[in-house]
Amino acid sequence: MVKVYKRGDKLWLYSRVDGKGYRYSSGYGSENIKYVEKNKDELFYKKHNKDNSSFLPFNEYGRYVIDITSNQRNQFTQKETLQKFNKLCEFFNNTDIKDIKSSMIMQWQNSLDYASKTILNYRSVLNMILEMALADEIIERNPLSSIKPPRKNITIPDYYNLDEINLLIDGANGQFKNLLEFAFFTGMRPSEIIALKWSDINFDDSLIKVSKRIREKIEDMPKGYKERVIDLLPRAKDALERQKDISAKYEYVFVTQYNKRYNTPDTFDVQFKKLCTHLEIRVGRFYDTKHSFSTLMLENNMNETWLTQQLGHTNISITRKHYIGKIKPDFTNLNSKINR
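Rules and cut-offs
Residues numbered from 1 in each chain as written. Predicted model: local features only at pLDDT ≥ 70, side-chain atom pairs only at ≥ 80, totals over all residues. Heavy atoms only, no water. Helix = DSSP H or I, 4+ residues; strand = E, 2+ residues; numbered from the N terminus. Rg over C-alpha atoms; globule rule 2.2 N^0.38 Å. Buried < 20%, exposed > 50% of the residue type's maximum accessible area, 1.4 Å probe, protein only. Contact = heavy atoms within 4.5 Å. Areas by Shrake-Rupley, 256 points an atom, 1.4 Å probe, with all protein chains shown as cover. Pairing = 2+ DSSP bridges. Axes fitted to C-alpha atoms, helices over the stretch in contact; angles between N-to-C directions. Patch = residues over 30% accessible without salt bridge, like charges linked within 9 Å, V, L, I, M, F, W, Y side chains within 5 Å. Salt bridge = Lys/Arg side-chain N within 4 Å of Asp/Glu carboxyl O. Lys, Arg positive; Asp, Glu negative; His and termini not counted. Charge placed at Lys NZ, Arg CZ, Asp CG, Glu CD. Polar contact = N/O pair within 3.5 Å; in protein donor to acceptor, adjacent residues only side chain to side chain. 1 Å grid on protein atoms, 1.4 Å probe; cavity = no way out; pocket = protein on both sides within 12 Å on 5 of 7 lines; lining within 4 Å. Points joined across faces, edges and corners; volume = space filled by probe spheres on them. Nonpolar A, V, L, I, M, F, W, Y, C, P; charged D, E, K, R; others polar. Core = buried A, V, L, I, M, F, W, Y, C linked by side-chain atoms within 4.5 Å.

1. Some thoughts on the overall build of the protein
Counting its secondary structure elements, the protein contains 15 helices and 8 strands. Here the C-alpha radius of gyration of the protein, 28 Å, is well above what a compact globule of 340 residues would show, namely 20 Å. Along the first, second and third principal axes, the C-alpha atoms of the protein reach 85 × 65 × 35 Å. Counting every position in the protein, which comprises 340 residues, the buried fraction comes to 43%. Within the protein, contacts between residues separated by at least 24 positions form 60% of all contacts whose residues are at least 6 apart in sequence. In the structure as shown, the protein presents an accessible area of about 19,800 Å², 48% of it carried by carbon and sulfur atoms.

This is the structure in structure tokens:
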């Protein structure tokens, strides 16, 4: 016997089949109570037969969703998405997509020992799969929607002041010296620097066209998928003038020992850490050149809109969020005014 009951403003159906209880949403609101009562048997068994007609494991359906949506992502992002999906499969694996409940997702999220940003990235892939299952009417609600994401960790990037920057550049040799000075005084991302070609540089007008980046051998558009033109500041220009002696006859500005382009900037990070250790300076990451450039420009009162364009941020708020907190103002003049 099928029973109709109300939960919230929705009507639900309940009955027992082979000694086991099942409940399904009727798909109707309480204003349709007469219709649902009249057709409750048909509505229940239609739902029951559909929900129990096939076993649909997460690993199979999830891969299907990622494959059919691949045209929405570039090659590198598709690779990253598959990596995250494979990690999700370590937990959900062969679970029927219909059996994934909010409590299971909470258990998964609590088991992760990752930074909040990483967990949010995994949630994004899981949500994409569950939303497609909802659209396909495989599930009646997305169980992830009721699970709050972890709080974001607020971190302030490390940076090097001008004295440290000069010490690092002076302590480097050859191409890495040029690379360091160029990175510190352009704010370009490492993935953008290794994709830079001599044809992208306008020495006459002191401009650089940033149109590509390279990550794990894959070349695509810069972050935000938008080209930009940035200013070539004097010290970055000096670094390129020196670099001409090394690689001017090649297509790419910075090249490997085999005179080929770099497929990843990881080697710069290794060199940077070794240099910091050798000079007895705080050991950071090569990516800190970008943070250092931003802070140096803000400390010298450069226009925020200009800096946002130079860095390739989508808006000023991103620039402020990540870098304003590290500025150390000069209190000398202030002290002379407020002290007697």
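2. Concerning the sheet that holds strand β5 (residues 207-210)
Reading across the sheet, the 3 strands line up as β4-β5-β8 and stay open at both edges, with antiparallel pairing between neighbours. Each edge of the open sheet is held by one strand with a lone partner, namely β4 (201-202) and β8 (228-231). Taken together, the 2 bridges between β4 and β5 define a ladder with antiparallel strand orientation. Counterpart to N202 in the pairing with β5 is L207.

3. Focus on the sheet that holds strand β2 (residues 10-17)
One key point about sheets: their strands pair by backbone hydrogen bonds, in either a parallel or an antiparallel sense. What the 3 strands build is an open sheet, ordered β1-β2-β3; its pairing is antiparallel. Strands with a single pairing partner mark the edges of an open sheet, and in this sheet they are β1 (3-7) and β3 (20-29). For this sheet, the mean angle separating the axes of adjacent strands, direction not counted, is 30°. Summarising the sheet, β1 and β2 pair through 5 bridges and their orientation is antiparallel. Residue pairing for β2: Y5 is matched across the bridge by W12.

4. Remarks on the pairing of β2
If you look at the hairpin formed by β1 and β2, you'll find 2 residues sitting between the two strands, and G8 has a positive phi there, around 70°. Of the strand pairs in this sheet, β2 and β3 are connected by 7 bridges, and their pairing is antiparallel. In the sheet register, R16 faces β3, and the bridge partner there is G21. Counting the residues between successive antiparallel strands, the hairpin from β2 to β3 contains 2 residues, one of them, D18, with a positive phi of roughly 55°.

5. Describing a positive patch on the surface
Where like charges cluster on the molecular surface, the positive patch consists of R7, R23, K101 and R141. Inspection of the secondary structure puts R23 in strand β3.

6. Thoughts on the pattern of salt bridges
This structure, assessed with the given rule, holds 16 salt bridges. Note that R63 is salt-bridged to D67, the shortest N-O span being 3.0 Å. Pair noted here: R63 and D67 are both in helix α3 (residues 58-68), with a separation of 4 residues, about one helical turn. As a salt-bridge pair, R285 and D288 come within 3.7 Å of each other at their nearest N and O atoms.

7. Observations regarding the environment of Y14
Take Y14: it is sitting in strand β2. In this structure, the C-alpha to C-alpha distance between Y14 and D41, residues 27 residues apart in sequence, is 9.8 Å. When residues no more than four places from it in sequence are discounted, the contact partners of Y14 are M1, V2, K3, Y5, G21, Y22, R23 and F44. Looking at Y14, its side chain comes within polar contact range of the side chain of R16, at 3.4 Å.

8. Looking at the side chain of T81
By the element assignment, T81 lies in helix α4 (residues 75-89). Classification of T81 by relative accessible area gives buried; the value is 8%. A distance of 2.8 Å separates a polar atom in the side chain of T81 from the backbone oxygen of T77. The residues touching T81, leaving out its near neighbours within four places in the chain, are I66, R73, V125 and M128.

9. Let's talk about empty space enclosed by the protein
Per the stated rule, a full pass over the model turns up 1 cavity of 30 Å³ or more. One number sums up the size of the largest cavity: a volume of about 30 Å³. What lines the largest cavity is M188, E192, A195, L196, D200, K209, V210, S211 and K212. Looking at the lining of the largest cavity residue by residue, the classes come out as 4 nonpolar, 1 polar and 4 charged.

10. Looking at the nonpolar core
Counting residues in each nonpolar core, the largest one holds 45 residues, and the members touching the most others are L168, F176, L180, F182, F184, F272 and F286. Broken down by secondary-structure element, the contributors of at least two residues to this core are α7 (162-171), α8 (174-184), β5, α10 (234-247), α11 (266-279), α12 (288-299) and α13 (304-311). Counting residues per element, this core draws most heavily on α8, which supplies 6 residues. Beyond its immediate sequence surroundings of up to four residues, F184 is in contact with Y160, I165, L168, I169, F272, T289, S292 and F293.

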